[in-house]
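# Commentary on secondary and tertiary structure
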Amino acid sequence: MRLSKITAAAAVIAASVAIPAGTASASDLSTGPDTTSVASQQHHWYEPAVMNATPSKVAPGAKITFDGAVATHNGKPLGHVTKIVSYGFAGRSHQALVTHNRSLDFTATATATQTPGTYTAYLYTSDHPDNAAATASFKVVSPAPAPTATINVNPTGAANGQKVTITGSLPAASRSAICAVTSPAFAGKGATSMKVNTDGTYKATATVSNTPRQYTVSLLCNGKQLASTPFTILLLGGSSAN
């Protein structure tokens, strides 16, 4: 029995694939479907080969699973899978490993290349020795950068004795850590009353106390600096002191 998720949309393989060689879709791995052969058998009892890629979007080096079925005539397979290839696969052969090659359906796995892009996998079967019997597209995408910690001091400059508010956010991995805001610009060398919310945002206050000049305010978690920002102690009565 053919896989339930295989639909008639797979009949697009009847159109010739004509993408310039050397593109990310690796079109030079196939000369395109045999349109004459497929068109001559387009009767209600003929079903062309189909192939699906799962997932259709993967990170570099991730696994991709392919499944589908070979072409059938009156419910009987016309051939068997010979190979599945794509320049989107890692390795010199750019070939997937066929794990099941049954008469009416197949499965295969492949490791995605490290190069992001949109790629096409080509299914070759024994009844299509020179042209791809079906294709499946997939994307290799770079993972989103991990969230970073942030820190802001308001105001960015103040005089001795004045209070400032420090706000920012923590990435999920640091929310259970012991965190503190420190700076030689502050009395006691750090902020007080620091509170971290469940969403990772935090708020703290500090009293300015040191020689007027520029300092660094740092966010530390488990003793490691995650973020920092400049802060200036102003002379009392300076234009930014308020």
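Thresholds, definitions, all that
- Residues numbered from 1 in each chain as written.
- Predicted model: local features only at pLDDT ≥ 70, side-chain atom pairs only at ≥ 80, totals over all residues.
- Heavy atoms only, no water.
- Pairing = 2+ DSSP bridges.
- Helix = DSSP H or I, 4+ residues; strand = E, 2+ residues; numbered from the N terminus.
- Axes fitted to C-alpha atoms, helices over the stretch in contact; angles between N-to-C directions.
- Core = buried A, V, L, I, M, F, W, Y, C linked by side-chain atoms within 4.5 Å.
- Buried < 20%, exposed > 50% of the residue type's maximum accessible area, 1.4 Å probe, protein only.
- Contact = heavy atoms within 4.5 Å.
- Phe/Tyr/Trp six-rings, centres within 6.5 Å; stacked < 30°, edge-to-face > 60°.
- Lys NZ or Arg CZ within 6 Å of the ring centre and 35° of its normal.
- pLDDT = per-residue confidence, 0-100.
- Disulfide = S-S within 2.5 Å.

### Here we look at the sheet that holds strand 19 (residues 224-234)
Reading across the sheet, the four strands line up as 13-19-18-15 and stay open at both edges, with mixed pairing between neighbours. The sheet is open, and its two borders are formed by strand 13 (157-159) and strand 15 (179-182), each paired with just one other strand. Across the sheet, the axes of successive neighbouring strands diverge by a mean angle of 30°, strand direction being ignored. Judged from the eight bridges that link them, strand 18 (residues 214-221) and strand 19 form a sheet pairing that is antiparallel. Along strand 19, the bridge assignment pairs leucine 220 with glutamine 225.

### Observations regarding the sheet that holds strand 3 (residues 57-58)
Spatial ordering of the open sheet is given by 3-11-10-7, a layout of four strands whose pairing is mixed. The sheet is open, and its two borders are formed by strand 3 and strand 7 (81-85), each paired with just one other strand. The sheet contact formed by strand 7 and strand 10 (residues 117-125) spans four bridges and is antiparallel. By the bridge assignment for strand 10, valine 85 is matched with tyrosine 122.

### Side note on the nonpolar core
Membership of the largest hydrophobic core comes to 23 residues, with the highest contact counts inside it found for Met51, Phe66, Ile84, Phe89, Leu123 and Phe138. Broken down by secondary-structure element, the contributors of at least two residues to this core are strand 2 (50-54), strand 4 (63-69), strand 7, strand 9 (106-111), strand 10 and strand 11 (134-140). Ranked by residues supplied to this core, first place goes to strand 11 with four residues. With sequence-adjacent residues up to four places away left out, leucine 123 is seen in contact with Ala49, Val50, Met51, Val81, Lys83, Ile84, Phe106, Ala132, Ala133 and Ala134. Core analysis: the next-biggest nonpolar cluster, separate from the first, contains 21 residues, Ala149, Tyr202, Ala206 and Cys221 among them.

### Observations concerning the packing of aromatic side chains
Applying the stated criterion across every chain yields a total of five aromatic pairs. Note on phenylalanine 89 and phenylalanine 138: the rings are 5.8 Å apart at their centroids and 10° apart in plane angle, and the pair reads as stacked. Of this pair, phenylalanine 89 sits in the loop between strand 7 and strand 8 (97-101) while phenylalanine 138 sits in strand 11; the two residues are 49 residues apart in sequence, bridging distant segments of the chain. When its relative accessible area of 1% is taken as the criterion, phenylalanine 89 is described as buried. In this structure an aromatic cluster arises from ring pairing among Phe66, Phe89, Tyr119 and Phe138. Positioned above the aromatic ring of tyrosine 124 is the side chain of lysine 83, whose terminal nitrogen or guanidinium carbon lies 4.9 Å from the ring centre.

### Quick word on unusual backbone geometry
Cis geometry marks the peptide bond from threonine 54 to proline 55, where omega comes out at -10°. Inspection of the secondary structure puts proline 55 in the loop between strand 2 and strand 3. Cis peptide bonds are those with omega within 30 degrees of zero, and the linkage from asparagine 154 to proline 155 qualifies with -5°. Relative to the helices and strands, proline 155 resides in the loop between strand 12 (150-154) and strand 13. Phi is positive for lysine 189, close to 65°, though the residue is something other than glycine. Take lysine 189: it is sitting in the loop between strand 15 and strand 16 (192-196). Even without glycine at this site, asparagine 222 takes up a positive phi of about 55°. Within the element layout of this structure, asparagine 222 appears in the loop between strand 18 and strand 19. A residue is classified by how much of its surface remains accessible, and asparagine 222, at 59% relative accessible area, is exposed.

### Considering the confidence of the model for the protein chain
Across the protein chain, the average pLDDT comes to 83, with 79% of residues at or above 70. Segment residues 3-28: pLDDT under 50, and 47 contacts once partners within four positions in sequence are set aside and those in other chains are kept. For residues 238-242, every residue scores under 50 in pLDDT, and the model assigns this stretch seven contacts once sequence neighbours within four places are set aside.

### Some words on the state of the cysteines
Enumeration according to the criterion identifies one disulfide in this entry. Sulfur-sulfur distance for the disulfide between cysteine 179 and cysteine 221 comes to 2.0 Å. Around the S-S axis, the bridge from cysteine 179 to cysteine 221 shows a dihedral of about 110° and counts as right-handed. Taken as a pair, cysteine 179 in strand 15 and cysteine 221 in strand 18 lie far apart in primary sequence, 42 residues in all. Judged on exposure class, the residue cysteine 179 and its partner cysteine 221 are both buried.

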